[in-house]
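The primary structure of each chain is shown beneath.
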Amino acid sequence: MKLGLYVHIPFCLQKCFYCDFPSFANIADLKEAYTDALCKEILMQGALLPCAVVDTIYIGGGTPTTLSDGLLRKILASLKQAFHFNETMECSIEANPGTVNPQQLESLRAAGVNRISFGVQTFEDNLLVKIGRIHTAQAASQSVLLAQAAGFTNINLDLMYGLPGQTLAMLEKSMQIAMDLGVDHISIYGLIVEEGTVFAAKEKQGQLELPSEELVEQMYDRIMSALPNAGYERYEISNFAKAKCYSRHNLKYWQDQPYLGLGAAAHSYINDRRYANTHDVKAYIAAVNSGKVAAEVEEEMTSTVLMEEFCFLALRTKWGIDCGKFAEKFGRSIFAVYGNVIKNLQEKKLLTVDARSVYLTALGMKYGNQVFAEFLLDT
């Protein structure tokens, strides 16, 4: 079995105002204890999956690069000890600008990390302050240059649009700087105000001034013209790549491939079952140290849920739903299950069907959530 590994590092220097991920800015004293527990879990899980061949690793968070070189190397060494690696494995790490230095970057490259993803969000200093980021635009550009100097050729930048106070010109400037830096992958996300975030609290208090729906739509349309015109292929709703530098790990999520989550709040999908480790970092450490698996939820998916997820995750990508894989997995033609849905969405110019696949049109990509909702089956 080819397997992807997701490794969660829950530490941040500061919680961003839009972020609802399981990350924390006030638990730095747990870094060593957490790393020790994580390495124990890695070894335990590796023993349970002796035949797995790991072909992607994604170290995310949080901000993994807030850990010291020594702790990061310890985690990578445990992964190498516990699992069999594919020769062409992709090993990614997330980093925030200002949390990397030349020595650390060179150390990561030497340890086998070959892809890095910087959470930039915008190259406007005033917007960075408004959204709770701790770096500057200059620090973001400098971090990319440092990574390139350390030998990283596979670099992603995360950007956002629809931010408070953001204009179309600001977005265009950020995209241009990202492209001028020569990165081969750009992820760009529209702001969603999530419950429990600083932005959600501000919105309830009437203190969050967001761009109008019309302006956000203009931003979306500009993204969809600017990046492809510069050679960035849109291969997933929010992801663009040059020279087929796709995120191989993230493709596993969208293409029904197995992955194992390691660390607090990490999720797994193996043999059509989903698992989730506890979000509580102290509880995670205690569970692993007592020799227990830290899974808080174990979910066996019904065939209905599996079909739904298979479809709307695959539809996020340019390849869409592989009709042959659907039939092989579920023993039924996709048209026997979703024939009327597909026909209706075709008539609305939201879906295209060819000899092998069902996939979103450009208009369907724009209104993806509406399309996905149509693939929910009545239970």
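Residues numbered from 1 in each chain as written. Predicted model: local features only at pLDDT ≥ 70, side-chain atom pairs only at ≥ 80, totals over all residues. Heavy atoms only, no water.

Enquirer: Lay out helix α8 (residues 213-229) with the relevant residues and their values.
Expert: Taking 1.5 Å per residue, 17 residues should reach 24 Å; α8 reaches 24 Å between its end C-alpha atoms and fits that length. Within α8 the residues assigned to the buried category are M219, Y220, I223, A226 and L227. Viewed end-on, α8 has its buried residues packed into an arc of 145°, placing them on one side of the element. In α8, the exposed positions that point more than 90 degrees away from the buried face belong to E214 and N229. For α8, the elements touching its buried residues are β5 (155-161), α6 (168-180), β6 (185-190), β7 (233-236), β8 (239-241) and α14 (362-366). (Helix = DSSP H or I, 4+ residues; strand = E, 2+ residues; numbered from the N terminus. Expected span 1.5 Å × (residues − 1). Buried < 20%, exposed > 50% of the residue type's maximum accessible area, 1.4 Å probe, protein only. Arc of directions from axis to C-beta. Contact = heavy atoms within 4.5 Å.)

Enquirer: Got a sec to walk through the pairing of strand β9 (residues 259-262)? Specific residues and values, please.
Expert: Alternating positions in β9 separate into two faces, Y259 and G261 on one and L260 and L262 on the other, with burial throughout. Pairing analysis gives 4 bridges linking strand β1 (residues 2-9) to β9, with the strands arranged parallel. Across the sheet, residue G4 finds its bridge partner in β9, namely Y259. (Pairing = 2+ DSSP bridges.)

Enquirer: Go over the packing of helix α11 (residues 303-314) against helix α12 (residues 323-330) with me, naming the residues and quoting the values.
Expert: The geometry of α11 relative to α12 is characterised by a closest axis approach of 12 Å and an angle of 165° between their N-to-C directions. Here α12 runs roughly antiparallel to α11, going by the angle between their axes. Of the two possible hands of crossing, α11 and α12 adopt the one that is right-handed. Contacts between α11 and α12 pair S303, L306, M307, F310 and C311 from the former with K325, F326, K329 and F330 from the latter. Tallied by class, residues from the contact of α11 with α12 come to 6 nonpolar, 1 polar and 2 charged. (Axes fitted to C-alpha atoms, helices over the stretch in contact; angles between N-to-C directions. Parallel < 35°, antiparallel > 145°, perpendicular 65-115°, else oblique. Left-handed = near helix turned anticlockwise from the far one by under 90°. Nonpolar A, V, L, I, M, F, W, Y, C, P; charged D, E, K, R; others polar.)

Enquirer: Describe in detail the state of the cysteines, supporting the description with residues and values.
Expert: Note on terminology: a disulfide is the covalent bond linking the sulfur atoms of two cysteines. With the rule as written, the count across this model stands at 0 disulfides. The closest cysteine sulfur to the non-disulfide-bonded C39 is located on C91, 14 Å from its own sulfur. Accessibility expressed as a relative area gives 6% for C39, which makes it buried. (Disulfide = S-S within 2.5 Å.)

Enquirer: Tell me about the sheet that holds strand β13 (residues 321-322), residues and numbers included.
Expert: Overall, antiparallel pairing links the 3 strands, which are arranged β13-β15-β14 in an open sheet. Edge positions in the open sheet fall to β13 and β14 (351-353), since each of these has one partner strand only. Seen against the sheet, helix α13 (residues 334-347) touches β13, β14 and β15 (357-360) and runs at an angle of roughly 125° to β14.

Enquirer: Can you lay out the pairing of strand β10 (residues 267-270) for me, pointing to particular residues and giving the numbers?
Expert: Here is the key point about a regular strand: its side chains alternate between the two faces of the sheet. With 4 bridges joining them, β10 and strand β11 (residues 273-277) adopt antiparallel strand pairing. Paired with H267 across the strands is A276, a residue of β11. Linking β10 to β11, which pair antiparallel, is a turn of 2 residues; within it N271 sits at a positive phi near 50°.

Enquirer: Can you tell me about the pattern of salt bridges, naming the residues and giving the values?
Expert: Charged atoms that come close allow side chains of opposite charge to pair. Inspection of every chain in the model, using the stated rule, returns 12 salt bridges. Its salt-bridge partner being K366, residue E217 comes within 2.8 Å of it at the nearest N-O pair. Taken together, the residues E217 in helix α8 and K366 in helix α14 connect sequence positions 149 residues apart. Residues joined by salt bridges that share partners form a network here, namely E217, D221 and K366. (Salt bridge = Lys/Arg side-chain N within 4 Å of Asp/Glu carboxyl O.)

Enquirer: Run through the nonpolar core, naming residues and quoting values.
Expert: Ranked by internal contacts, the top residues of the largest apolar core, which has 100 residues, are F118, I321, F326, Y338 and F375. If near-sequence neighbours (up to four positions away) are discounted, F118 is found in contact with A95, P97, V100, S143, V144, A147, I155, N156, L157 and D158. Formed by 9 residues, the second largest nonpolar core is a distinct cluster that contains C16, Y18, C19 and L208. (Core = buried A, V, L, I, M, F, W, Y, C linked by side-chain atoms within 4.5 Å.)

Enquirer: Please set out the packing of aromatic side chains residue by residue, giving values where relevant.
Expert: The full count for this structure, using the stated rule, is 16 aromatic pairs. Ring geometry for Y259 and Y269: centres 6.1 Å apart, planes at 40°, overall tilted. Taken together, the positions of Y259 in strand β9 and Y269 in strand β10 put the pair 10 residues apart, joining distant regions of the chain. Of the two residues, Y259 and Y269, both sit in the buried class. For the ring pair F326 and Y338, a centre distance of 6.5 Å and an interplane angle of 65° mean the geometry is edge-to-face. Placement of F326 in helix α12 and of Y338 in helix α13 is noted, with a sequence separation of 12 residues between them. (Phe/Tyr/Trp six-rings, centres within 6.5 Å; stacked < 30°, edge-to-face > 60°.)

Enquirer: Can you break down α11 residue by residue, with the values?
Expert: The end-to-end C-alpha distance of α11, which contains 12 residues, comes to 16 Å, matching closely the 16 Å that a straight helix rising 1.5 Å per residue would cover. If you check which residues of α11 are buried, you get L306, M307, E308, F310, C311 and A314. On its buried face, α11 sits against α9 (248-254), β10, β13, α12 and α13.

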